[in-house]
Amino acid sequence: RERAREAMELNQYVGPAPVPLWQYRMWLDAQTIRDLHVTREAISAGFREMVISHDVFEELGPAINSAKSIFLFGDPGNGKTMIAECIARMIGGSMYVPHAIEMDGQVILVYDPVYHRQPEDPADDPASGGGLSSIWRRVEVEHDRRFVRVRRPVVVAGGELTLDQLDLRYDPATKVYQAPFQMKANGGVLIIDDFGRQRVPPRDLLNRWIVPLEKRTDYLALHTGSKFPVPFDCLLVFATNLDPMQLVDEAFLRRIHYKINVNSPGPEDFAEIFRRVCAGMGVPFDPAGVEFLYRHYYRPGRVAPRACHPRDIVDHVRDVARYRGIPASLSDELMDAACRSYFIELSDAPDTVRTQAVPC
């Protein structure tokens, strides 16, 4: 009883036995995302729901296969977040993660059902390929319950991200640590969305990533002050609609291996996006609707075309048509009503008025 009380004073963890840190490193190295290879056909299939330019498509292929880091930048509403989500879904496959790891007698929870989902296909077994089959089969045969088989994780952090969320979080009640975002993303994809809009200065956040990006190793600290290295093995994707040169310096840009500018769609791509949106929303497509936008908004320079405009405008068209009790269409009347409720007038000076879309 005395030994039990002493053990409970150390921590209140109850669950599968924690995995030693050295074993966690070994298993993560055996399942590294760097060994994944995504073909051109797989990338085409992964982005089949999007309309992106040929140049961006050709840049995304090598960037995804590098499993290093990607910086997506450009004007808002052009699909940067959707591209990041498509990349995450494209990775696919499954892996094993430990429920918890042990370091200096302290327990760190790694498995998180929010980010570590069960594989959809039971036949999707890592034992089927690569040189790791003996390791995988041993786990399956011996039923090592310290590990759980999951889909490769996808962790998304947006404007709510703070610096303390990138460090171990200690619960004084249970005396157990919760692993940070980047540790839970190991073996998968970590997306930093809306970069630059966090509550901490961008440079402070970037400085936190410099060592992991350079060495693929992160350093965490226990509440006792002890520091230890952990693998940083994930595809890190930054997405921002702010000017990169105002957010980052040359030292950080050098460590980001792929910088991809997601531009506004050209007329042909814009029309194709409009056609797909209409098909998905059950509204008959009419090229005259696209011409209406270019004639009244895009060509006069009142607003720049964005990839999100077709979705939002067609949605407004349906709302107006439903209210008036008429079939939804891309007629000039409905398009005009939709655009007047979607675009807003912004006055920079008493004699200057420009039009801009509401945030997408």
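Structure: see above.
Attention in this report is confined to the structure presented alongside it. These numbers were taken from a predicted model, which means no experiment stands behind them.

Tallied over the full model, the rule gives 20 salt bridges. The salt bridge involving Arg 40 is made with Glu 58; its shortest N-O contact spans 2.7 Å. One end of the pair, Arg 40, is in helix H3 (residues 40–46); the other, Glu 58, is in helix H4 (residues 54–66), and 18 residues separate them in sequence. A salt bridge links Arg 208 to Asp 218; its shortest N-O distance comes to 2.9 Å.

Right, let's talk about unusual backbone geometry for a bit. Phi at Ala 67 takes a positive value of approximately 55°, unusual for a residue other than glycine. Mapped onto the secondary structure, Ala 67 falls in the loop between H4 and strand E2 (69–73). A positive phi angle is found at Arg 216, which is not glycine, with a value near 55°.

The subject of this paragraph is the nonpolar core. With 28 residues, the main nonpolar core has Phe 274, Leu 293, Tyr 297, Ile 313, Met 335 and Phe 343 as its most contacted residues. Mapped by element, the contributors of at least two residues to this core are helix H11 (267–281), helix H12 (287–298), helix H13 (309–324) and helix H14 (332–342). Those residues in contact with Leu 293 that sit more than four places away from it in its chain are Phe 270, Phe 274, Tyr 298, Ile 313, Met 335, Cys 339 and Phe 343.

Inspection of the entire model under this criterion finds 15 aromatic pairs. Centroid distance Tyr 170 to Tyr 177: 4.9 Å. Interplanar angle 50°. Geometry classified as tilted. Centroid distance Tyr 294 to Tyr 298: 5.0 Å. Interplanar angle 85°. Geometry classified as edge-to-face. With Tyr 294 and Tyr 298 both in helix H12 and four residues apart, this pair spans about one turn of that helix. Each member of the pair, Tyr 294 together with Tyr 298, is buried.

The five strands are arranged E1-E4-E5-E9-E8 in an open sheet whose pairing can be described as mixed. The sheet is open, and its two edges are formed by strand E1 (19–20) and strand E8 (169–171), each paired on a single side. Sheet topology places E1 next to strand E4 (residues 100–103); two bridges connect them, and they run parallel. Bridge pairing in E4 links Val 19 to Ile 101.

This part is about the side chain of His 309. Tracing the sequence through the fold places His 309 in helix H13. Of note is the side chain of His 309, whose polar atom sits 2.8 Å from the side chain of Tyr 298.

Now for the environment of Val 19. Along the chain, Val 19 turns up in strand E1. For the pair Val 19 and Val 97, spaced 78 residues apart in the sequence, the C-alpha separation amounts to 9.9 Å. Non-local contacts of Val 19, meaning those with residues more than four positions away in its chain, are made with Tyr 24, Pro 98, Ala 100, Ile 101, Glu 102, Arg 146 and Phe 147.

What follows covers the environment of Ser 341. Along the chain, Ser 341 turns up in helix H14. When its relative accessible area of 45% is taken as the criterion, Ser 341 is described as partly exposed. Here the alpha-carbon distance between Ser 341 and His 316, two residues 25 residues apart in the chain, equals 7.9 Å.

Quick notes on the rules
Residues numbered from 1 in each chain as written. Predicted model: local features only at pLDDT ≥ 70, side-chain atom pairs only at ≥ 80, totals over all residues. Heavy atoms only, no water. Salt bridge = Lys/Arg side-chain N within 4 Å of Asp/Glu carboxyl O. Helix = DSSP H or I, 4+ residues; strand = E, 2+ residues; numbered from the N terminus. Core = buried A, V, L, I, M, F, W, Y, C linked by side-chain atoms within 4.5 Å. Buried < 20%, exposed > 50% of the residue type's maximum accessible area, 1.4 Å probe, protein only. Contact = heavy atoms within 4.5 Å. Phe/Tyr/Trp six-rings, centres within 6.5 Å; stacked < 30°, edge-to-face > 60°. Pairing = 2+ DSSP bridges. Polar contact = N/O pair within 3.5 Å; in protein donor to acceptor, adjacent residues only side chain to side chain.

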